[in-house]
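Results of the structural survey
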Amino acid sequence: MLNLDSLIPDCYAEYRPLVADALRLFLEQLSPARRAALLRTQAAMPPGTADEARAFAVMRACPTLHKLGQILARHRALDPAFRAELRRLESLPPSATLADIRPVIERELGDDAGAYTLEEEPLAEGSIALIVPFVHAGGSEHGISGVFKVLRPGVGDAVREELEMIGPIGDLLESRAAALGLPALPYRETLEQIRVMLQREVDLSLEQANLSRAATFYANDPGIRIPQLLPGGTRQLTAMERLSLRKVTDAASLSAAERRRLAQTLVRALLARPFFSDTDDALFHGDPHAGNLLLDDTGRLVILDWSLAGKLDRADRRAIVAVLLGALTLDLKTAHDGVAVLLQHPYDAAALDTALRDAMSGIPWTQLPDLGWLIGLLDTLALNGFAFRPDLTVFRKSLFTLRGVLQDLSETASLNEPIALAGASQFAREYASRMLFFYTRRSFGTHLTNGDLALLGLRWPLTAARYWIGGLRELARRGRRAFEDFGGSDN
């Protein structure tokens, strides 16, 4: 049977008993019919089947675990064989046939069902839905080719059943973590946020609204394509144009330079564009795993599955900039005030100051605080029990997933370079208009007021001195080590 210990890397070894107990409770609370189906699947596997394959089978059968597997699929700390199994969860061969799904589609289309021709079997399957091709009779001589995204049979009941487990599993995680001496993380709050995310995913009308917003947002970007919505959408069915696509991570024919440029396009589209937007609420993709990031026949990036999306309002983005500015200038108060905007309240202010001091003291003298540093800070805060607001939790998840995709696409890809270029470009566009406004105007796309820039200029000598002193200390340390090594060799 399945042995989880071999799948959890050594860096997380202390969490192995906790994960095993949580999975055991999860499986025990499934309905008898679903438990029996899982046991039959496991029993049918040949003796000696790898734990990775057994875990894959369990995750595929449970929408919440399926989604978790998609998130972890690009996590470099996991065993490569396990990651290879998890990557299969990004896009699967369909488990249902056209005969299984046709009644659902016809029910959702109602009186309009006769205008659609369903002749092909489903093309693919995700954690929640199936993709089924169709031809619509109207609009052209040969009809309009499209695809339906339709909820898998029984997935609504499965999700509801699994979401009811969140309370008991949260209680178990908190009590067992305390007994094992693990950090007192906000397990229940995090699981409640996952509940909200999954509830969004099974209401396809929300994705349709996000698709419309995304299409408007990226309309002027020739390198980005958002699938066009077609008529006929309901809460359980979305109609879209049909495209010929391949995963970005499957672009084996591309050269190393082309893969690097593609990685830069991903960061620009999924992170820089929303972050430096001058809109009050910036929409960002909450689930950028490789199964949702594809290339069309012309090489354009196609972004699928907008069921899980989040919004960063202007205050959130300004707070993130404030955290980086505080780290850059070693201004604890500025960094603290920025992080506070992102957290759920109340929080332990003294503990936050301690975490920020540790994070800022760990910035290498040769490196400015960047997005990688920010991700590390957010992860550290989460591991120390700080809870983020729901959209910020989705944002952290999005950053985590996107970074893993970039690493698999190009070893030299970086989150920072495209962000820095986008920020510089945005600053150049708004430079002239800055002369017309007071220091406190906050509506610039860079989220920097003129006052911020003035303070940065005043503090820059001290900041430069910090890096200069850090450099001298590092040189002294290296010199001392070289001297000791030289002296040791003489002995």
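Described in the following lines is the structure provided in the data block. (Residues numbered from 1 in each chain as written. Predicted model: local features only at pLDDT ≥ 70, side-chain atom pairs only at ≥ 80, totals over all residues. Heavy atoms only, no water.)

In terms of helices and strands, the chain carries 18 helices and 12 strands. Compactness check: the chain gives a C-alpha radius of gyration of 25 Å against a globular reference of 23 Å for 491 residues, within 12% of the reference. Counting only C-alpha atoms and orienting by the principal axes, one finds that the chain spans roughly 75 × 60 × 50 Å. When burial is assessed residue by residue, the chain has 48% of its 491 residues classed as buried. Contacts in the chain between residues far apart in sequence, at least 24 positions, make up 67% of those at least 6 positions apart. Total accessible area computed for the chain in this model is approximately 23500 Å², and 58% of it derives from carbon and sulfur atoms. Computed over 55 positive and 61 negative side-chain charges, the separation of the two mean positions in the chain equals 4 Å. (Helix = DSSP H or I, 4+ residues; strand = E, 2+ residues; numbered from the N terminus. Rg over C-alpha atoms; globule rule 2.2 N^0.38 Å. Buried < 20%, exposed > 50% of the residue type's maximum accessible area, 1.4 Å probe, protein only. Contact = heavy atoms within 4.5 Å. Areas by Shrake-Rupley, 256 points an atom, 1.4 Å probe, with all protein chains shown as cover. Lys, Arg positive; Asp, Glu negative; His and termini not counted. Charge placed at Lys NZ, Arg CZ, Asp CG, Glu CD.)

It is worth spelling out the pairing of strand β3 (residues 129-136) at this point. By the bridge criterion, 2 bridges tie strand β1 (residues 116-117) to β3 in an arrangement that is antiparallel. Residue pairing in the sheet places Tyr 116 in a bridge with His 136 of β3. Bridge count for strand β2 (residues 124-125) against β3 is 2 bridges, and the pairing is antiparallel. Among the inter-strand pairings, Glu 125 is bridged to a residue of β3, identified as Leu 130. Hairpin connection between β2 and β3: a loop of 3 residues separates the two successive antiparallel strands. In terms of strand pairing, β3 meets strand β4 (residues 144-151) through 8 bridges, oriented antiparallel. Residue pairing across strands places Val 135 opposite Ser 145, the latter belonging to β4. (Pairing = 2+ DSSP bridges.)

Here we take up the nonpolar core. Ranked by internal contacts, the top residues of the largest apolar core, which has 68 residues, are Leu 266, Ile 303, Trp 306, Trp 373 and Leu 377. Here this core takes 9 residues from helix α11 (residues 256-275), the largest share from any one element. Those residues in contact with Leu 266 that sit more than four places away from it in its chain are Val 248, Leu 271, Leu 293, Leu 301, Leu 402, Val 405, Leu 406 and Leu 409. Residues Leu 18, Leu 23, Ala 55 and Leu 173 belong to the second largest nonpolar core, which totals 38 residues. (Core = buried A, V, L, I, M, F, W, Y, C linked by side-chain atoms within 4.5 Å.)

Taken together, Tyr 431, Met 435 and Leu 436 make up a surface patch of nonpolar side chains, about 390 Å² in accessible area. Examined against the element boundaries, Leu 436 turns out to sit in the loop between α17 (416-434) and α18 (450-490). Judged by relative accessible area, which is 69%, Leu 436 ranks as exposed. (Patch = residues over 30% accessible without salt bridge, like charges linked within 9 Å, V, L, I, M, F, W, Y side chains within 5 Å. Salt bridge = Lys/Arg side-chain N within 4 Å of Asp/Glu carboxyl O.)

Below, the discussion takes up the layout of surface pockets. Approximately 800 Å³ is the volume attributed to the second largest pocket. The wall of the second largest pocket is formed by 25 residues, among which Phe 276, Leu 324, Pro 369, Ile 419 and Ala 420 lie closest to the centre. Breaking the lining of the second largest pocket down by element, the ones donating at least two residues are α11, α12 (314-328), α15 (371-383), α17 and α18. The greatest single-element share of the lining of the second largest pocket, amounting to 6 residues, is contributed by α17. Split into classes, the residues belonging to the lining of the second largest pocket amount to 20 nonpolar, 4 polar and 1 charged. (1 Å grid on protein atoms, 1.4 Å probe; cavity = no way out; pocket = protein on both sides within 12 Å on 5 of 7 lines; lining within 4 Å. Points joined across faces, edges and corners; volume = space filled by probe spheres on them. Nonpolar A, V, L, I, M, F, W, Y, C, P; charged D, E, K, R; others polar.)

With that out of the way, let us pick up the environment of Asp 10. The residue Asp 10 is located in the segment before α1 (16-28) in this model. For Asp 10, a relative accessible area of 64% puts it in the exposed group. A sequence separation of 67 residues divides Asp 10 from Ala 77, and the C-alpha atoms of the two residues are 8.8 Å apart. A polar side-chain atom of Asp 10 sits 2.9 Å from a polar atom in the side chain of Arg 16. (Polar contact = N/O pair within 3.5 Å; in protein donor to acceptor, adjacent residues only side chain to side chain.)

It is worth spelling out empty space enclosed by the protein at this point. One simple way to see leftover space: roll a probe sized like a water molecule over the atoms. On inspection of all chains with the given rule, the structure shows 3 cavities of 30 Å³ or more. In this structure, the largest cavity spans a volume of roughly 70 Å³. In terms of lining residues, the largest cavity is bounded by Leu 270, Leu 271, Pro 274, Phe 275, Phe 284, Leu 312, Phe 395, Ser 398, Leu 399 and Leu 402. The set of elements that each furnish at least two residues to the lining of the largest cavity consists of α11 and α16 (390-409).

For the structure shown, the criterion picks out 30 salt bridges. With a shortest N-O distance of 3.5 Å, Asp 296 and Arg 300 are connected by a salt bridge. Judged by its relative accessible area of 3%, Asp 296 is buried. Taking the relative accessible area as the measure of exposure, Arg 300 reaches 28% and is therefore partly exposed. Taken together, the salt bridges that share partners define one network made up of Lys 67, Glu 201, Asp 287 and Lys 397.

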